[in-house]
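Each chain, letter by letter, is given below.
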Amino acid sequence: MFQGETAITLDDKGRAAIPAAYRDLVSKSSGNRLVITYNPFENGCLWIFPQDEWEQVRDRVNKLPNVKAVHRNLQMKLVGAAAHVEPDGNGRILLPARQREVTGLEKRAVLLGMGNKFELWNEQVHLAKIRETISEDQITEEMAELTL
């Protein structure tokens, strides 16, 4: 399980280092293979899945009937844009140029461990997002049942 927030730097080639604390977990859970794709729900963010987790997500998304435009849109952003990567000897992954461009990822970024995947955020977009508060009228029934 991935959790935590790490400020990271992308090098001039568009590589990002997986924090050392996660490298063994990535290696064990996915044979050191990762899949990078768009976050279909928020701008400025990529999702990074271990290969085994990705296959489950991919299969569920592909089972959606593609006669609905929203399903095709989700399939395009997740499955159609997916790129397989493998960390190098220094734990770095090369982020596809197109995905960096679309999400506005530049030198400074934020990597979040989100359970079964990572989220890689443009630093400024993440900062704005994290500063947003959840108002009472946004609280869902499921959230209200949580004991925090």
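Here, every reference points to the structure presented above.
Computed from a predicted model, the values in this text were never measured in an experiment. (Residues numbered from 1 in each chain as written. Predicted model: local features only at pLDDT ≥ 70, side-chain atom pairs only at ≥ 80, totals over all residues. Heavy atoms only, no water.)

**A look at the packing of helix α2 (residues 51-62) against helix α3 (residues 69-80)**
The condition is simple: Axis lines are fitted to C-alpha atoms, over the contacting stretch for helices. Their N-to-C directions set the angle, which ranges from 0 to 180 degrees. Starting at the N terminus, helices and strands are each numbered in turn, a helix being any DSSP run of H or I of at least four residues and a strand any DSSP run of E of at least two. Roughly parallel refers to an angle under 35 degrees, roughly antiparallel to one over 145, roughly perpendicular to one between 65 and 115, and oblique to any angle outside these ranges. When the near helix sits turned anticlockwise from the far one by under a right angle, the crossing is termed left-handed; a clockwise turn instead gives a right-handed crossing. Pairs of residues are marked as contacts when any of their non-hydrogen atoms sit within 4.5 Å. Each residue is assigned to one of three groups, with Ala, Val, Leu, Ile, Met, Phe, Trp, Tyr, Cys and Pro labelled nonpolar, Asp, Glu, Lys and Arg labelled charged, and all others, Gly among them, labelled polar.
It is at 10 Å that the axes of α2 and α3 come closest, and there the two elements cross at 155°. As far as their axial angle goes, α3 and α2 are roughly antiparallel. The crossing of α2 and α3 is left-handed. Residue-level contacts link Trp 54, Arg 58, Val 61 and Asn 62 of α2 to Leu 74, Gln 75, Leu 78 and Val 79 of α3. Counted by class, the contact of α2 with α3 contains five nonpolar, two polar and one charged residues.

**Concerning the sheet that holds strand β3 (residues 34-38)**
Filter applied, for reference: One requirement defines pairing of two strands: DSSP has to find at least two bridges between them.
Reading across the sheet, the six strands line up as β1-β7-β8-β4-β3-β5 and stay open at both edges, with antiparallel pairing between neighbours. Pairing within the sheet leaves two strands with one partner each, and these edge strands are β1 (2-9) and β5 (83-85). Taking each pair of neighbouring strands and ignoring which way they run, the sheet shows an average axis angle of 25°. Sheet topology note: the β3/strand β4 (residues 45-50) ladder contains five bridges and is antiparallel. Bridge pairing in β4 links Thr 37 to Trp 47. Docked against the sheet, helix α5 (residues 123-131) engages β1, β7 (108-115) and β8 (118-122), running at close to 105° with respect to β8.

**Thoughts on the packing of aromatic side chains**
The criterion, for reference: The aromatic pairing rule takes the rings of Phe, Tyr and Trp, using the six-membered ring of Trp, and pairs them if the centres are within 6.5 Å, calling planes under 30 degrees apart stacked, those over 60 edge-to-face and the rest tilted.
Tallied over the entire structure, the rule returns six aromatic pairs. With a centroid separation of 4.9 Å and 75° between ring planes, the pair formed by Tyr 22 and Phe 118 is classed as edge-to-face. Of this pair, Tyr 22 sits in helix α1 (residues 20-30) while Phe 118 is found in strand β8, placing the two residues 96 residues apart along the sequence. The structure contains a cluster of three or more aromatic residues connected by ring pairs, namely Phe 41, Trp 47, Phe 49 and Trp 54.

**Some points on the pattern of salt bridges**
Our working rule: By convention in these notes, a salt bridge is any Lys or Arg side-chain nitrogen within 4 Å of a carboxyl oxygen on Asp or Glu. Only protein chains enter the accessibility calculation, which uses a 1.4 Å probe. A residue is then buried if its area is under 20% of the maximum for its type, exposed if over 50%, and partly exposed in between.
According to the stated counting rule, one finds eight salt bridges in the structure shown. Here Arg 98 makes a salt bridge to Glu 101, at a shortest N to O gap of 3.3 Å. Linking Arg 98 with Glu 101, this pair stays in helix α4 (residues 97-103), spanning three residues, or about one helical turn. Like Arg 98, the residue Glu 101 is exposed in the burial classification. Measuring nitrogen to oxygen at the nearest pair gives 4.0 Å for the salt bridge that ties Lys 129 to Glu 132. Judged by its relative accessible area of 34%, Lys 129 is partly exposed. With a relative accessible area of 52%, Glu 132 lands in the exposed category. Each of the salt bridges in this network shares a partner with another, and the network as a whole consists of Glu 42, Lys 129 and Glu 132.

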